[in-house]
Every structure is written in structure tokens, then in C-alpha cells.
Amino acid sequence: DTGVSQNPRHKITKRGQNVTFRCDPISEHNRLYWYRQTLGQGPEFLTYFQNEAQLEKSRLLSDRFSAERPKGSFSTLEIQRTEQGDSAMYLCASSLTSGWKETQYFGPGTRLLVL
Amino acid sequence: AQSVTQPDIHITVSEGASLELRCNYSYGATPYLFWYVQSPGQGLQLLLKYFSGDTLVQGIKGFEAEFKRSQSSFNLRKPSVHWSDAAEYFCAVGPYGQNFVFGPGTRLSVLP
């Protein structure tokens, strides 16, 4: 049972460029989450999917952010027209729902630096 | 809205000493509580979780936590700290989605 994987692990881009991150969840996990973590802070919820449906989006997720999970397996998070304030660690987590009792397992994260 | 506070931003202990990291939560219903650990530049690893039942839960790496409803606390403990325990520790309260909230974290340093 492999864990959650994320690619790339690091991304450096120039302001105004678009970036895309990928997350591969634990197989058969039906929920997939995206979080953002800035230095010295805890992760902040961005969005989550149940299978291919995007069920919730945080107010942190501006119009420049879009996430997809087209076949209910891997997910992508795209940031358009990046800004320096987008520099952060982007974490993905997956879970297998069982009523309300749910445990999220995290990937290693993608660290984004916008110059 | 639920929230989590971790009063200690940074704690330093000597190797072999005992450890207690504090976590207080605010949640309107029965909380689901978690502790995660994050090494520098890495993702989060689950240490332990509480859903219901016995209020003292055991986790990996010799950690345990005790749920105290009257104090809205879920403190993490370890009887003897190892140098490899140096990391950032996050408490979180569930259940899921926007209602899954992390605390700001406590950074643990271990002196040889």
C-alpha cells in the first residue's frame, strides 16, 4: 500500500506564470484534499473531492486556483497568474470515508516559490 | 466555527526527558482529534487519533494523548524524548472538509 505521492516536490516560477501540481492518493481512497501551508503555520484547507465531485472550496481558493479530479483518482491543482503571495507548501491528503470517522493521510507536499 | 490552539510555539527538552505538548480545541459537537508530526520540508505523518471510547489513546513512536472533555484539551505526551523527535507537531480537530482545522503547531527542539 503506497502512500500519497505529489509531484513535483519543488517548483520555482516567475510571477505571472501558471503552475500545475499533481497528487496521487492512496488507492481506493475516495476523498482527496488540498491544503496550503505557509511558513510557521498549520495547514489551511483549500478544497476537497469525493470521488470526482468537488464538494467544498475555501474562500482562500481565489479564481486563479482550480482543482480537478477527473476520474476520481489523481488530482491536479492549477494556479494561474501566480503571485508572490502564492509561495507556500501545497499539501495533498486522502482518506477512505467511514461515516464521520475519517483519517486523512498526507503526501510529502509541493513547495512553490514565486519570484 | 471550530478552532484549535497550541499555546506553546516552541519547546526545548533534553533527550531522555518527558514531553507534553498542549492542545485546546473549540468544537460544538463530539470532536474527532488528531496529532500529526512534520519534519522539515516534509508532509504530515499521523501520530494518533481519537474518535470515541477510551480517552487515553496510544500512537506510534511511543506517543500517547489524553482527551479531557471538561478542559477541551487533547495533550500529547511522551515519557522519554529521542533526538529524532525534533519536529513540528500539529493538533487538529475534525470531522472533515472545511470543518477539519489545524492548530498553529508547536516546534520541538531536543538537546543532546
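Residues numbered from 1 in each chain as written. Chains lettered and ligands numbered in written order. Predicted model: local features only at pLDDT ≥ 70, side-chain atom pairs only at ≥ 80, totals over all residues. Heavy atoms only, no water.

Quick notes on the overall build of chain A
- A count of helices and strands for chain A gives zero helices and 11 strands.
- Listing each helix as α and each strand as β along chain A from the N terminus yields β-β-β-β-β-β-β-β-β-β-β.
- Its C-alpha atoms give chain A a radius of gyration of 13 Å, within 12% of the compact-globule value 13 Å for 115 residues.
- The principal-axis extent of the C-alpha atoms belonging to chain A is close to 40 × 25 × 25 Å.
- The 115 residues of chain A split such that 47% are buried.
- Taking all contacts inside chain A whose residues are at least 6 apart in sequence as the whole, residues at least 24 apart take part in 54%.
- Accessible surface computed for chain A: about 5,900 Å², of which carbon and sulfur atoms make up 46%.
- Across chain A, the centroid of the 15 positively charged side chains sits 6 Å from that of the 12 negatively charged ones. (Helix = DSSP H or I, 4+ residues; strand = E, 2+ residues; numbered from the N terminus. Rg over C-alpha atoms; globule rule 2.2 N^0.38 Å. Buried < 20%, exposed > 50% of the residue type's maximum accessible area, 1.4 Å probe, protein only. Contact = heavy atoms within 4.5 Å. Areas by Shrake-Rupley, 256 points an atom, 1.4 Å probe, with all protein chains shown as cover. Lys, Arg positive; Asp, Glu negative; His and termini not counted. Charge placed at Lys NZ, Arg CZ, Asp CG, Glu CD.)

Thoughts on the packing of aromatic side chains
- All told, the structure shown has 22 aromatic pairs over all chains when counted by the stated rule.
- Measuring from ring centre to ring centre gives 6.2 Å for A:Y35 and A:F45, while their planes differ by 80°; the resulting arrangement is edge-to-face. Here the residue A:Y35 occupies a position in strand β4 (residues 31–37), and A:F45 occupies one in strand β5 (residues 44–50), the gap between them amounting to 10 residues. Assigned by exposure class, A:Y35 and A:F45 land together as buried.
- Aromatic pair B:F34 and B:F51: ring centres 5.8 Å apart, planes at 80°, arrangement edge-to-face. Here B:F34, found in strand β5 (residues 33–38), pairs with B:F51, found in the loop between β6 (44–50) and β7 (56–58); they are 17 residues apart in sequence, far enough to count as distant.
- The ring of A:F74 has A:R22 lying over it, and the distance from NZ or CZ to the ring centre is 3.9 Å. (Phe/Tyr/Trp six-rings, centres within 6.5 Å; stacked < 30°, edge-to-face > 60°. Lys NZ or Arg CZ within 6 Å of the ring centre and 35° of its normal.)

Digging into the state of the cysteines
Residues and elements named next belong to chain A.
- All chains considered together, the criterion is met by two disulfides over all chains.
- Through a disulfide, C23 is tied to C92; the S-S separation comes to 1.8 Å. Judged by the sign of its S-S torsion, about -65°, the bond between C23 and C92 is left-handed. In this pair, C23 is assigned in strand β3 (residues 19–24) and C92 in strand β9 (residues 88–95), connecting sequence segments 69 residues apart.
- Overall, C92 belongs to the buried group, its relative accessible area being 0%. (Disulfide = S-S within 2.5 Å.)

Some remarks on the interface of chain A and chain B
- If you look at the interface, chain A gives 26 residues, while chain B gives 21 residues.
- If you sort the residues of chain A by the area they bury against chain B, A:W100, A:K101 and A:F106 come out on top, with a joint share of 27%.
- Here chain A and chain B share five residue pairs in polar contact (both at pLDDT 80 or more) between them.
- Elements with a minimum of two residues in the side of chain A that touches chain B: β4, β5, β6 (53–57), β9 and β10 (105–106) of chain A.
- Of all the elements, β4(A) adds the most residues to the side of chain A that touches chain B, at four residues.
- Looking at the side of chain A that touches chain B residue by residue, the classes come out as 11 nonpolar, eight polar and seven charged. (Buried area = accessible area lost by both parts, 1.4 Å probe. Polar contact = N/O pair within 3.5 Å; in protein donor to acceptor, adjacent residues only side chain to side chain. Nonpolar A, V, L, I, M, F, W, Y, C, P; charged D, E, K, R; others polar.)

So, to be careful, I would describe these as geometric facts and stop short of saying anything about function.
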